[in-house]
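# Architecture and fold: a report
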Amino acid sequence: MAGVLDSISKVFKKPDPKELVRKWQADLRAEQRKIERQIRDIQFEEKKVHKVIKDAAKRNDMATCKVLAKEVLHSRKAIGRLYVNKAQMMSIGNALTEQLAMLRVSGTLQKSTDVMKLVNDTIRLPEMQKTMFEMSKEMAKAGLIEEMMNDAIDSTLDNESLEEETEEEIEKVLLEVAGETLAALPAAKAHPAAAAAAAEPLADEDDELRERLNAMRTT
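Residues numbered from 1 in each chain as written. Predicted model: local features only at pLDDT ≥ 70, side-chain atom pairs only at ≥ 80, totals over all residues. Heavy atoms only, no water.

## What to know about the overall build of the chain
Rules: Numbered from the N terminus, helices here are DSSP runs of H or I no shorter than four residues, and strands are runs of E no shorter than two. Only heavy atoms matter for contacts: two residues are in contact if any of them lie within 4.5 Å across the pair.
When helices and strands are counted, the chain shows ten helices and zero strands. Element order for the chain, N to C, with α for helix and β for strand: α-α-α-α-α-α-α-α-α-α. Taking as baseline every contact in the chain between residues at least 6 positions apart, the subset at least 24 positions apart corresponds to 83%.

Put into structure tokens, the structure is as follows:
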């Protein structure tokens, strides 16, 4: 009988606030490590794309150069977002450390508008939506933040817009990656209009490289 009562009490017993905060901090650190790995993977693949761009420039295939330069630009913007994600994770972790300090005095979690704002900002980031949605439910249940309604979250996610790359940005990447190669081409050949007429479709291996890079950005 005592064993049954113990099992029932464990089911209804409120989680230890300190354990909850430490769990969230551990989850945040795990996400930061995942972000760091993703950044390294994207940068590694980008170096391969640089070589392909230079090879395409040597054969005056400007169409392929521009397509791949756009992929490099996509990847760099993805890396920028990932660094923002990591900074947000660190900010939430710092706010939770402050909560731990207050726990020693009050013994309970205090509702925090700072944590609520950080969670709201982070849940807008596409790469963090699933993780932060689950964590926000746990935080609301523990009384740390207000409960986020599904329709409010959906509205937040719908407001995210993707920036379109400009021709100027693409040309800048091209010059950075293959500027010397392009400068060595005869003037007529190096002109984009002349190259467009003779442009070849992307080789299978180039297309595969694009797909790998794109998959890493959306992981």
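## Some remarks on the nonpolar core
Heads up, the rule is: Each nonpolar core is a collection of buried residues, namely Ala, Val, Leu, Ile, Met, Phe, Trp, Tyr and Cys, held together in the definition by side-chain atoms within 4.5 Å. The cut-offs for exposure are 20% and 50% of the maximum accessible area for each residue type, with area from a 1.4 Å probe on protein chains only; residues under the lower value are buried, those over the upper are exposed, and the others partly exposed.
By size, the foremost hydrophobic cluster in this structure holds 30 residues, and its most contacted members are W24, I92, L96, M132, M139 and I145. Mapped onto this core, the elements with two or more residues apiece are α2 (17-58), α3 (62-106), α4 (113-123) and α5 (129-141). By residue number, the principal contributor to this core is α3, which donates eight residues. Ignoring anything within four residues of it in the chain, the contact list for W24 reads L96, L109, M135, E138, M139, A142 and L144.

## Focus: α5
This is how it is decided: Multiply 1.5 Å by the residue count of a helix minus one, and that product is the helix's expected span. When we speak of the arc, we mean the arc of directions from the helix axis to the C-beta atoms.
Spanning 13 residues, α5 covers 18 Å between terminal C-alpha atoms, matching the ideal 18 Å at 1.5 Å per step. Of the residues making up α5, those classed as buried are M132, M135, S136, M139 and A140. Here the buried residues of α5 occupy an arc of 135° about the axis, which is enough to place them on one side. Of the exposed residues in α5, the ones pointing more than 90 degrees away from its buried face are K130 and K141. Packed against the buried residues of α5 are α2, α3 and α4. One or two positions beyond α5, positive phi appears at G143, with a value near 85°.

## Some points on the UniProt feature "coiled-coil region" (unreviewed entry) in the chain
Rule in force here: UniProt positions are given in the numbering used here, feature names are shortened, and annotations may be inferred rather than shown by experiment.
UniProt's entry tags residues 21-48 with the feature "coiled-coil region" (unreviewed entry), counted in the numbering of this structure. Along residues 21-48, the helical share is 100% and the strand share 0%, with 41 Å between the first and last C-alpha atoms.

## Examining the confidence of the model for the chain
Detailed reading of predicted coordinates is not advised where the pLDDT is low. Here is the rule: Confidence scores labelled pLDDT are given residue by residue by the predictor and lie between 0 and 100.
Counting all residues, the mean pLDDT for the chain is 78, and 71% of those residues have values of 70 or more. Of all secondary-structure elements in the chain, the lowest mean pLDDT belongs to helix α9 (residues 192-197), at 40, while α2 reaches the highest, 93. Residue range residues 158-162 is modelled with pLDDT below 50. Its contacts to residues more than four positions away, or to other chains, number one contact.

## Concerning a positive patch on the surface
The condition is simple: Patch membership requires over 30% relative accessible area and the absence of a salt bridge. Like charges are linked within 9 Å, and nonpolar side chains (Val, Leu, Ile, Met, Phe, Trp, Tyr) within 5 Å. Note on areas: Shrake-Rupley with a 1.4 Å probe; residue coverage comes only from the protein chains shown. Throughout this description, the term salt bridge denotes a Lys or Arg side-chain nitrogen within 4 Å of a carboxyl oxygen of Asp or Glu. Only four residue types enter the tally: Lys and Arg on the positive side, Asp and Glu on the negative side; His and the chain ends are excluded. The atom standing in for a charge is NZ when the residue is Lys, CZ when it is Arg, CG when it is Asp and CD when it is Glu.
There is a patch of like positive charges on the surface, built from R29, R33, R37 and R40. Within the secondary structure, R37 sits in helix α2.

## Examining the packing of α3 against helix α7 (residues 167-184)
Filter applied, for reference: Interaxial angle, 0 to 180 degrees, is taken between N-to-C directions of lines fitted to C-alpha atoms, where a helix line uses only the stretch in contact. Should the near helix be turned counterclockwise from the far one by less than a right angle, the crossing is left-handed, whereas a clockwise turn marks it as right-handed. The residue classification treats Ala, Val, Leu, Ile, Met, Phe, Trp, Tyr, Cys and Pro as nonpolar and Asp, Glu, Lys and Arg as charged. All others, Gly included, are polar.
α7 packs onto α3 with a crossing angle of 115° between their chain directions and a minimal axis gap of 9 Å. In the crossing of α3 with α7, the sense of the turn from one axis to the other is right-handed. Facing M62, C65, K66, A69, K70, V72, L73, R76 and K77 of α3, the residues of α7 in contact are E167, E169, I170, E171, V173, L174, E176 and L182. Partitioning the contact of α3 with α7 into residue classes produces nine nonpolar, no polar and eight charged.

## Some points on the packing of α2 against α3
We apply this condition: By the definition adopted for this analysis, an angle is roughly parallel if under 35 degrees, roughly antiparallel if over 145, roughly perpendicular if from 65 to 115, and oblique otherwise.
Axis separation between α2 and α3 bottoms out at 9 Å; the angle between their running directions is 165°. Taken together, the axes of α2 and α3 are roughly antiparallel relative to one another. Between α2 and α3 lies a crossing whose hand is left-handed. Here the residues of the contact of α2 with α3 sort into 25 nonpolar, ten polar and six charged.

## Here we look at the pattern of salt bridges
If you walk through the whole model with that rule in mind, you get 15 salt bridges. Linking K66 and E171 is a salt bridge whose minimum nitrogen-to-oxygen distance equals 3.2 Å. Of the two residues, K66 sits in helix α3 while E171 sits in helix α7, which places them 105 residues apart along the sequence. Overall, the relative accessible area of 23% leaves K66 in the partly exposed class. We note a salt bridge from R76 to E176, for which the minimum N-O separation is 2.8 Å. You can see R76 sitting in helix α3 and its partner E176 sitting in helix α7, a full 100 residues away along the chain.

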